[in-house]
Amino acid sequence: MAEVSAAEGARSAARMRLPWHWIGIVPFIAFALLFLILPTLQIVVGAFRTPAGAFTLENIRGLFTPSIMASYWISIKISVASALLGCLIGFAMAAGITVGGLPAWVRGPLLTFSGVASNFAGVPLAFAFLATLGRVGLVTLLLRDWFGINIYAMGFNILSFWGLTIVYLFFQIPLMVLIITPALDGLKREWREAADILGASGFQYWRMVALPILFPSLLGTFALLFANAFGAVATAIALTGSSLSIVPIVLFAQIRGDVLGNPHLGYALAFGMIVVTAIANFAYIWLRARSERWLR
Amino acid sequence: MTRVWSWVALAVGVVYFALPLIGTVEFSLRKRRGEYSLDAYREVLGDPRFQETFAYSVVMALVTIAFGILLVVPTAYWVRLKLPRLRPVVEFITLLPLVIPAIVIVFGYIRLFNTSSILPLTGSARGTDLLLMFGYATLALPYMYRAVDTGLRTIDVATLTEAAQSLGAGWVTILGRLILPNVLVAVLSGAFLTFAIVIGEFTMAALLNRPAFGPYMQLLGANKAYEPAALAVIAFAITWACMGLIQLATRLQRHTRAQRR
């Protein structure tokens, strides 16, 4: 990464003959190296080292214990579920304000609210949902008193897979709305008319014209939402304490107090998180390259 | 038919987003038994720990914004003007914080800048504050860079720079008195977004052991019943204010642009 940019910088500087042309970017590169790239590399390298400093795969092997694998699995499940539902509901709402015929006055407030809600994550979000769906939360009490439905007796728990997924949707849906609305605006009216004239049904238009065009944006947003949920720490900790062991919570406890009893296993755990989000994003880049081939 | 489904989607969304907000407000008023009161708010706002941590986070946010502007505006400008071939690389780097979880980045900080390293930032309180500020700047980087870069796209950087240079302006003058005013609205939206991110940030501050607002909220949540809901309402109001200010800045710009024409 750093080598690439340094090499490119050197090359373009040589072409322009003035060496200070690339000096303008040195502060940024230095910042990125010191506070983004090197810290991450530090973790990656640590994952493959013994405490004495020799190369080892033992830390990575240490991840494949039932409890750690279970943490990854529940984390991935929550991230996939919240990203998928976020994409679906967010898409439906964005489609409503762009091509779905909702009145124009809905659009502005919805987009503004999405900007607020997508940034309303972390500790306060957890509080909001505890006050709503917690054991004495508003909705819990209303359902019990008005409809006689006791959701906690029915097995619902805010500190669970579905509980966390519902909470994460509060920032996932708005993020989807914000990202996909411009893409939906980019759908030309002519395409729809052309499809209509050729006798396509609404379903055919969406399946064969609109969705293939939107495919890269949809995938990209999904990957982003996935990483967003997978790395979320604050909401989960404020919501569950440490009763639900998703990966970020385990890692948090490990950094605080070495609960795994092996610092290098902690690096491996963090490395695993990077691998999962990296896979999600590379899958996106690869699929996007493929879909763009079809668009040409 | 499409319109019906649109209304259904909107209605589902409105219910889903309205309920937690109503629930939180209602819960925050329930502290006094049998009647609604503002006791929880009074308790929170009067808590010296609240005032200290909130002030700490506000200062951190302001410093982060200043640093972010100093870092991002010259870089984005320079890349557009002189190093367009590097743009994909720089853009890729600025997007990395969206991919690498914050908890992993701060874990790397703890390891890289510990007391026995070359740059022992975590050794002192001031050093850790500095490190935390850099961490916040990293978290805000994707938003700040994209905002500024979009702002730069709307002006003709090369021509403006040449005009300024032929009038004898140096780089500091060009950046401070020409580029910055032209992308001010973009910078402001980046700044307010940074503020919204930093003010409630939990993970980095907690793991670096700094007395910020995020860890305070978490601690209160573990110990109190009604005060956390009041805090959530306050935090939501702050986020809302930040986004409102972004909208306001954008509208003011549209206004002045239209007048100029």
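Everything quoted here is computed from the prediction, not taken from an experiment. (Residues numbered from 1 in each chain as written. Chains lettered and ligands numbered in written order. Predicted model: local features only at pLDDT ≥ 70, side-chain atom pairs only at ≥ 80, totals over all residues.)

Peer 1: What is the right way to look at the overall build of chain A in this model?
Peer 2: Helix and strand counts for chain A stand at 13 helices and zero strands. Expressed as lengths along the three principal axes of its C-alpha atoms, the size of chain A is roughly 65 × 60 × 30 Å. By the burial criterion, 42% of the 296 residues in chain A qualify as buried. (Helix = DSSP H or I, 4+ residues; strand = E, 2+ residues; numbered from the N terminus. Buried ≥ 20, exposed ≤ 12 C-beta atoms within 10 Å, placed from the backbone.)

Peer 1: Help me understand the overall build of chain B, please; the structure alone is not making it clear to me.
Peer 2: Within chain B, the secondary structure is distributed over twelve helices and zero strands. Going from the N terminus to the C terminus, chain B shows its helices and strands as α-α-α-α-α-α-α-α-α-α-α-α. If one aligns the C-alpha atoms of chain B with their principal axes, the spans along those axes are about 75 × 65 × 35 Å. Of all 261 residues assigned to chain B, the portion counted as buried reaches 47%. Look at the contacts in chain B between residues 6 or more apart in sequence, and 75% of them connect residues 24 or more apart. (Contact = placed C-beta atoms within 7 Å.)

Peer 1: Would you explain the packing of helix 2 (residues 26-47) of chain A against helix 5 (residues 102-112) of chain B in this entry?
Peer 2: A pair of packed helices is characterised by two quantities: the angle between their axes and the separation of those axes. Running from amino to carboxyl end, helix 2 of chain A crosses helix 5 of chain B at an angle of 85°, the nearest separation of the two axes being 8 Å. Considering their axes alone, helix 2 of chain A and helix 5 of chain B lie roughly perpendicular with respect to each other. Contacts between helix 2 of chain A and helix 5 of chain B involve Leu36, Leu38, Pro39, Thr40, Gln42, Ile43 and Gly46 of chain A from the first element and Val104, Ile105, Phe107, Gly108, Tyr109, Arg111 and Leu112 of chain B from the second. When grouped by side-chain class, the residues that make up the contact of helix 2 of chain A with helix 5 of chain B number nine nonpolar, four polar and one charged. (Axes fitted to C-alpha atoms, helices over the stretch in contact; angles between N-to-C directions. Parallel < 35°, antiparallel > 145°, perpendicular 65-115°, else oblique. Nonpolar A, V, L, I, M, F, W, Y, C, P; charged D, E, K, R; others polar.)

Peer 1: Got a minute to help me understand the domain arrangement of chain A in this structure?
Peer 2: For an interface, size is often stated in terms of accessible area lost upon the parts coming together. Residue and element names in this part refer to chain A. The domain boundaries assigned to chain A delineate domain 1 (1-47) and domain 2 (66-295). Across the boundary between the two partners, domain 1 contributes five residues, which contact six residues of domain 2. For the side of domain 1 that touches domain 2, the per-class residue count stands at three nonpolar, two polar and no charged. (Domains from an automatic or database assignment.)

Peer 1: Would you mind showing me how to read the interface of chain B and chain A here?
Peer 2: Listed by partner, the interface residues are 69 residues for chain B and 67 residues for chain A. The element contributing the most residues to the side of chain B that touches chain A is helix 1 (residues 2-28) of chain B, with 17 residues.

Peer 1: How do you make sense of the confidence of the model for chain B when you look at a structure like this?
Peer 2: The predicted structure's coordinates, where accompanied by low pLDDT, should not be read in detail. Looking at chain B as a whole, the pLDDT averages 88, with 97% of positions reaching at least 70. This prediction of the complex comes with two scores: 0.87 for pTM and 0.87 for ipTM. (pLDDT = per-residue confidence, 0-100.)

Peer 1: Where do I start with unusual backbone geometry in this structure?
Peer 2: Only a minority of non-glycine residues have a phi that is not negative, and only a minority of peptide bonds are not trans. Despite not being glycine, asparagine 209 of chain B has its phi angle at roughly 60°, a positive value. Its location among the elements puts asparagine 209 of chain B in the loop between helix 10 (203-207) and helix 11 (213-223).

Peer 1: Could you clarify how one ought to interpret the nonpolar core in this entry?
Peer 2: As a rule of thumb, soluble globular proteins bury nonpolar side chains together. Grouped together as the largest cluster of nonpolar side chains are 170 residues, with contacts concentrated most on Phe127 of chain A together with Val148 of chain B. For this core, the element with the highest residue contribution is helix 6 (residues 125-153) of chain B, accounting for 15 residues. Inspection of this core shows a minimum of three residues originating in each of domain 1 (1-47) and domain 2 (66-295) of chain A. Apart from residues no more than four positions distant in its own chain, phenylalanine 127 of chain A is found in contact with Ala238 of chain A together with Thr24, Gly221, Pro228, Ala229, Leu231 and Ala232 of chain B. (Core = buried A, V, L, I, M, F, W, Y, C linked by C-beta atoms within 7 Å.)

Peer 1: Can you walk me through the environment of asparagine 281 of chain A in this structure?
Peer 2: Within the secondary structure, asparagine 281 of chain A sits in helix 13 (residues 263-295). Residue class for asparagine 281 of chain A comes out partly exposed when judged on the 19 C-beta atoms lying within 10 Å of it. In this structure, asparagine 281 of chain A is in contact with Ala223 and Ala227 of chain A together with Val99 of chain B, ignoring residues within four places of it in sequence.

Peer 1: I would appreciate a short explanation of the environment of phenylalanine 170 of chain A in the present structure.
Peer 2: One can find phenylalanine 170 of chain A in helix 8 (residues 161-185). Sequence separation between phenylalanine 170 of chain A and threonine 40 of chain A is 130 residues; the distance between their C-alpha atoms is 29 Å. If near-sequence neighbours (up to four positions away) are discounted, phenylalanine 170 of chain A is found in contact with Ala117 and Leu125 of chain A together with Pro20 of chain B.

Peer 1: Mind showing me how you'd approach the packing of helix 12 (residues 247-257) of chain A against helix 5 of chain B here?
Peer 2: Running from N to C, helix 12 of chain A and helix 5 of chain B cross one another at 15°; their axes reach a closest spacing of 11 Å. One way to sum up the angle between helix 12 of chain A and helix 5 of chain B is to call them roughly parallel. Of the two elements, helix 12 of chain A crosses helix 5 of chain B, and the hand of that crossing is left-handed. Every residue of helix 5 of chain B that contacts helix 12 of chain A at Pro248, Leu251, Phe252 and Ile255 of chain A is listed here: Ile103, Phe107 and Ile110 of chain B. Looking at side-chain class alone, the contact of helix 12 of chain A with helix 5 of chain B contains seven nonpolar, no polar and no charged residues. (Left-handed = near helix turned anticlockwise from the far one by under 90°.)

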